[in-house]
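# Structure at a glance
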Amino acid sequence: MGFTNTVQIVRRPEVAVAPMMSEQLHPVLARIYASRGVASADELDYSLSRLDSYHALKGIEAAVALLQRALDKKWRILIIGDFDADGATSTAVAVRALKMMGAHHVDFLVPNRFEYGYGLTPEIVAVARKRNPDLIVTVDNGISSISGVAAAKAAGIHVLVTDHHLPAKTLPAADAIVNPNQPDDAFPNKSLAGVGVIFYVMLALRSSLRDSGWLRQHGLADPNLASLLDLVALGTVADVVPLERDNRILVSQGLARIRSNECSAGISAILEIAGRNREKTVSSDLGFAVGPRLNAAGRLHDMSIGIRCLLSDDLTTARQLAAELDALNRQRREIEGNMQSQAMAALQALVLEAQPPKGVCLYDPSWHEGVIGILASRIKERVHRPVIVFTASGDKLIKGSARSIPGLHIRDTLDAVAAHHPGLISKFGGHAMAAGMTLPLENYELFRNAFIAEVDRQLRDEDLQATLLSDGELAADEAIDFELARQLRYGGPWGQGFSAPLFDGVFELVHQRVVGEKHLKMVLRWPGTRHTVDAIYFNAPDDCVVNEMSRLCVAYRLDINEYRGQQSIQLIIEHMERDEMSRNG
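Below, the discussion takes up the nonpolar core. By size, the foremost hydrophobic cluster in this structure holds 139 residues, and its most contacted members are Ile79, Met202, Ile379, Leu524 and Ile573. Per-element tally for this core: the top contributor is helix α7 (residues 194–211), with 11 residues. If we ignore the near neighbours within four places in the chain, the residues touching isoleucine 573 are Met522, Leu524, Ala535, Ile536, Tyr537, Val554, Ala555 and Tyr556. By size, the runner-up hydrophobic cluster in this structure holds 22 residues, among which are Ile405, Ile410, Phe447 and Phe451.

Here it is in structure tokens:
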């Protein structure tokens, strides 16, 4: 049978467009918004006044009281974050905001993933104690750090946990916890990234300090927390959380600051070294250019490089740190390429099975621990199945990084495996689409079988069919409309759960050539017309090159390409295949 590698293009059902939207927006854009659940143009108002109130967050009063006490008593505050882009931006937001509000002693510590692993562990608390903190604030972690919080409390350190990950049945005994996903939390947006959570905490703290007169008494200006929204936007996009309305507001506001050059020197420097035009930055630039370079530090070396870049106010220093991040990202790509080749060879053995499993587990002790998450994503995209990639982690333990597909909540799946097989997994945590875990090497085969059985129980065969949701077909005059292309580009912010517009249609292939070794540059023509358009297929599969003049079914995004000061319409190909008429002709 083999793994499914076919992609089905499914057009979104037509949704009635509100008359006001039809009057105010281009009909194509109005249709796109309506299909994504936007019922009125009012919902596209992304002003900060539209944000949900922090008052609904459970534990926010206790968190603010603890932080205000820390400021009053001039406590030493230590921020402990995660080693990914969300953790780095969360750390930067916390440090910058607390300094704005008069914190005298605020520093950060990010665990090295290779020495201490994820979160506030007892081991990282031991490292933190050398800095004599009075208060530890976790950002983008901590909700599962029961033993770590206990170790900190035993050492006389106060602990504030801010996180967005799903909690276990038992919560840590912290002084305060702010997490929209903890039990009985009434905050409507459960999809906040870690950076969004700490931003809300800082909003609440500022309000309390302002209302109590604390800021005035200490001669402090009202902090402009909006100046941190570029960091909030980056962390939100990079963590691939669903862009519900609150998240779209945060990202939209952050992007506006970046485009107007009101962003941090660090983000500006990373955009520059990535070759992106800051004035035209959109969410995909944060997700595919800035985020990976920031993440490379945590994957291969030490995320403190990335955090220092985000905290820098000097562009020269930021550029030096951005260059380090860029070099690490190139190294990460090389490591990932080698791992992918090995993984694809391992997959061949599974392909030979009469009925390949619905869940895939791969293990190689030589694989780089910091890159297994990316490898899991790449394999998931290829086989459209939940994938867990493991590597050795010392002391006869292995670490795994999981990525899932729609229809399977990967963290809950691991919870089910752990419930049915106590002791099989040492620890785990994560989201619906991504998770991490640790288990003894000797348990690998048992875990693999238990995981596959649980996935088989939950997924149907039809769930393994990859689909692309299309917004329909564009006529030639629409697709070559610069103004429509511009509106589509800036009509977001687009991202997880609020996907960028995708169209499909049949074209004739006029010309093609390979550029950059693995990208396919093409000229396409609408059948029966003389209208042609440029197109590019990034990282095109090896088997997608076809004869010129073939008819192709193409799924694409409409974009404007700028080269040497000249602009042209360009289709960004997401998928293409021979049209049935070509096959049968």
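There is more to say after this.
Before going further, it helps to spend a moment on the sheet that holds strand β7 (residues 360–363). Taken in spatial order, the 5 strands make up an open sheet running β7-β8-β9-β11-β10, and their pairing is mixed. Only two strands of the sheet have a single neighbouring strand rather than two, namely β7 and β10 (427–430). Recorded for the sheet is a direction-independent mean angle of 15° between the axes of neighbouring strands. Of the strand pairs in this sheet, strand β9 (residues 397–403) and strand β11 (residues 434–440) are connected by 7 bridges, and their pairing is antiparallel. Paired with lysine 399 across the two strands is threonine 438, which belongs to β11.

What follows deals with unusual backbone geometry. With an omega of 10°, the peptide bond running from glycine 492 to proline 493 counts as cis. For proline 493, the position within the fold is in the loop between α19 (482–490) and β13 (503–515).

For the rest of this paragraph, the subject is the packing of aromatic side chains. This model, assessed by the stated rule, comprises 10 aromatic pairs. Seen in terms of ring centroids, phenylalanine 447 and phenylalanine 451 are 5.9 Å apart; in terms of plane orientation they differ by 10°. Their pairing is stacked. Taken as a pair, phenylalanine 447 and phenylalanine 451 lie in helix α17 (residues 444–458) at a separation of 4 residues, close to a single helical turn. Accessibility classification places phenylalanine 447 together with phenylalanine 451 in one group, the buried group. Taken together, Tyr363, Phe390, Tyr444, Phe447 and Phe451 form an aromatic cluster joined through their ring pairs. Its guanidinium or amino end placed over the ring of phenylalanine 498, arginine 248 lies 4.0 Å from that ring's centre, counting from NZ or CZ.

This structure, assessed with the given rule, holds 33 salt bridges. In this structure, arginine 460 and aspartate 463 form a salt bridge, with 3.0 Å as the shortest nitrogen-oxygen distance. We classify arginine 460 as partly exposed; its relative accessible area is 49%. Between arginine 525 and glutamate 508 there is a salt bridge, with its nearest N and O atoms 3.3 Å apart. Here arginine 525, found in strand β14 (residues 519–525), pairs with glutamate 508, found in strand β13; they are 17 residues apart in sequence, far enough to count as distant. Connected through shared salt-bridge partners, Arg276, Asp285, Arg489 and Asp559 make up one network.

Further remarks concern helix α5 (residues 122–129). All of the buried residues along α5 are Ile124, Val125, Val127 and Ala128. Take α5 and look down its axis: the buried residues cluster within an arc of 160°, on one side only. Where α5 is buried, its residues meet β2 (76–80), β3 (105–109), β4 (135–139) and α6 (146–154).

Attention shifts here to the packing of helix α9 (residues 229–238) against helix α12 (residues 283–300). Running from N to C, α9 and α12 cross one another at 85°; their axes reach a closest spacing of 9 Å. By the angle between their axes, α9 is roughly perpendicular relative to α12. Counting all contacts with α9, which are made through Ala233, Leu234, Val237 and Ala238, the residues of α12 involved are Ser283, Leu286, Gly287, Val290, Gly291 and Leu294. Here the contact of α9 with α12 is composed, by residue class, of 7 nonpolar, 3 polar and no charged.

Among the secondary structure elements, serine 22 is positioned in helix α1 (residues 19–24). Exposure remark for serine 22: the relative accessible area of 42% places this residue in the partly exposed category. Distance in space between the C-alpha atoms of serine 22 and alanine 41 is 9.3 Å, their sequence separation being 19 residues.

The gaps of empty space that remain are located by a probe, the size of a water molecule, rolled over the atoms. One pass over the full model with this rule turns up 1 cavity of 30 Å³ or more. Counted as a void, the largest cavity has a volume near 30 Å³. In this structure, the largest cavity is lined by Phe83, Val110, Pro111, Asn112, Arg113, Phe114, Gly298, His301, Asp302 and Met303. Of the residues that constitute the lining of the largest cavity, the class distribution is 5 nonpolar, 3 polar and 2 charged.

Parameters and conventions
Residues numbered from 1 in each chain as written. Predicted model: local features only at pLDDT ≥ 70, side-chain atom pairs only at ≥ 80, totals over all residues. Heavy atoms only, no water. Core = buried A, V, L, I, M, F, W, Y, C linked by side-chain atoms within 4.5 Å. Buried < 20%, exposed > 50% of the residue type's maximum accessible area, 1.4 Å probe, protein only. Helix = DSSP H or I, 4+ residues; strand = E, 2+ residues; numbered from the N terminus. Contact = heavy atoms within 4.5 Å. Pairing = 2+ DSSP bridges. Axes fitted to C-alpha atoms, helices over the stretch in contact; angles between N-to-C directions. Phe/Tyr/Trp six-rings, centres within 6.5 Å; stacked < 30°, edge-to-face > 60°. Lys NZ or Arg CZ within 6 Å of the ring centre and 35° of its normal. Salt bridge = Lys/Arg side-chain N within 4 Å of Asp/Glu carboxyl O. Arc of directions from axis to C-beta. Parallel < 35°, antiparallel > 145°, perpendicular 65-115°, else oblique. Nonpolar A, V, L, I, M, F, W, Y, C, P; charged D, E, K, R; others polar. 1 Å grid on protein atoms, 1.4 Å probe; cavity = no way out; pocket = protein on both sides within 12 Å on 5 of 7 lines; lining within 4 Å. Points joined across faces, edges and corners; volume = space filled by probe spheres on them.

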